[in-house]
Amino acid sequence: MKQFDYDITWIMQAFLGEYPGSREDSDKKFIRAVKSFLAVHKNDHRTQLVIVSDGCEITHKIYHDKFSKYDCIEYAYVSKAKKKMYEKREDGSTFYRSLPRQVGRTIAGGFLHAFMDSDDFLLPNSAKIIKNYWGKMQKANPNETYMWAACSEWYENEAMVKWQANSKGNYVFKDTAEPEKIKGLRSKWVRYAMNEPYVNVLSSTWNIIHRWDCKTRWADMYSNRKKGEPSEDVVYATSIRREGMGIIIKDAIMVRCHYSGIWDY
């Protein structure tokens, strides 16, 4: 059995420049995201963060100025793609960048690989939640090999409740509690959950957790969402889930701090 330095490695692809739909104050949010990981690491030293700069000199400078001293944080720099995230081609398809995440996987030291965006916010007990669910399932079913996990709950900004009500769409998730404050974040946040967690699984980047030896690879791609084509995280998550059995974690580990056009904190 391979020996691991960490139980969980979070991998963060970072480009802090502007692109279509990008967030404001990206440098400050990047720092906040890394500090949220450090709060997780304080509670569980068997955790690691791998930052991969997507040709971003801002990321490069902040890492070396503020975070290079931490042994639990690894760093890599890759050349920027010619296209920016979410840039469109003449045929209407959109560019999705994800190769840096695959670079992060090659240097990750954890048994489990998880992912976060540079404006995400990890809850401080995230590692404990993942490990408790994984450990209990493996103990209860010692002859099974679980390849992936996904959370059925997470936090959205309170703006999501109003937006969802006004959009009159049919959603597979819903708010489950009153808005609350979360330490380290402005505004108020609402806990959301999948209506049928064993039927529908959220495929956002932050909700992808899997064993180190999964064979699916991140890759840059074009997708036409208006034609119903999936984004890069959905493609990756769907492929991962075909590799074997999974675990549904009925708890929240992440706060989504930016939803283009709806909120940005």
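Residues numbered from 1 in each chain as written. Predicted model: local features only at pLDDT ≥ 70, side-chain atom pairs only at ≥ 80, totals over all residues. Heavy atoms only, no water.

1. Description of the pairing of strand β3 (residues 73-78)
Then, number 1: Across six bridges, strand β2 (residues 47-54) lies against β3 in parallel orientation. Bridged to Asp-54 within β3 is Val-78.
Then, number 2: In this view, the connection linking β2 to its parallel neighbour β3 by way of helix α2 (residues 57-67) has right-handed handedness. (Pairing = 2+ DSSP bridges. Helix = DSSP H or I, 4+ residues; strand = E, 2+ residues; numbered from the N terminus. Right-handed = clockwise from strand over helix to strand, strands pointing away.)

2. Re the side chain of Asn-207
Then, number 1: Within the fold, Asn-207 resides in the loop between β9 (189-194) and β10 (209-211).
Then, number 2: Owing to a relative accessible area of 0%, Asn-207 belongs among the buried residues under this scheme.
Then, number 3: At a separation of 2.9 Å, a polar atom in the side chain of Asn-207 contacts the main-chain carbonyl oxygen of Leu-202.
Then, number 4: Excluding residues that lie within four positions of it along the chain, Asn-207 makes contacts with Ala-149, Ala-150, Cys-151, Val-201, Leu-202 and Arg-241. (Buried < 20%, exposed > 50% of the residue type's maximum accessible area, 1.4 Å probe, protein only. Polar contact = N/O pair within 3.5 Å; in protein donor to acceptor, adjacent residues only side chain to side chain. Contact = heavy atoms within 4.5 Å.)

3. Some thoughts on the nonpolar core
Then, number 1: One finds Trp-10, Phe-30, Leu-49, Ile-51, Phe-67, Ile-73 and Val-255 to be the most contacted residues of the largest nonpolar core, which totals 59 residues.
Then, number 2: In terms of residue count, the dominant contributor to this core is helix α1 (residues 26-43) (seven residues).
Then, number 3: Val-50, Ala-76, Ala-108 and Ile-240 belong to the second largest nonpolar core, which has 17 residues in total. (Core = buried A, V, L, I, M, F, W, Y, C linked by side-chain atoms within 4.5 Å.)

4. Thoughts on unusual backbone geometry
Then, number 1: A positive phi angle, near 55°, is found at Lys-168, a position not held by glycine.
Then, number 2: The class of Lys-168 is exposed, set by a relative accessible area of 74%.
Then, number 3: One non-glycine residue with positive phi stands out, namely Ser-187, at about 70°.

5. Here we look at the pattern of salt bridges
Then, number 1: Using the criterion set out here, one finds 15 salt bridges in the structure.
Then, number 2: Taking the shortest distance from any N to any O, the salt bridge between Asp-65 and Lys-61 comes out at 2.6 Å. Here Asp-65 pairs with Lys-61, and both are found in helix α2, just four residues apart, close to one helical turn. The same class applies to Asp-65 and to Lys-61, which are both exposed.
Then, number 3: Taking the shortest distance from any N to any O, the salt bridge between Asp-117 and Arg-101 comes out at 3.6 Å. (Salt bridge = Lys/Arg side-chain N within 4 Å of Asp/Glu carboxyl O.)

Everything listed here is a matter of geometry and, on its own, says nothing about what the molecule does.
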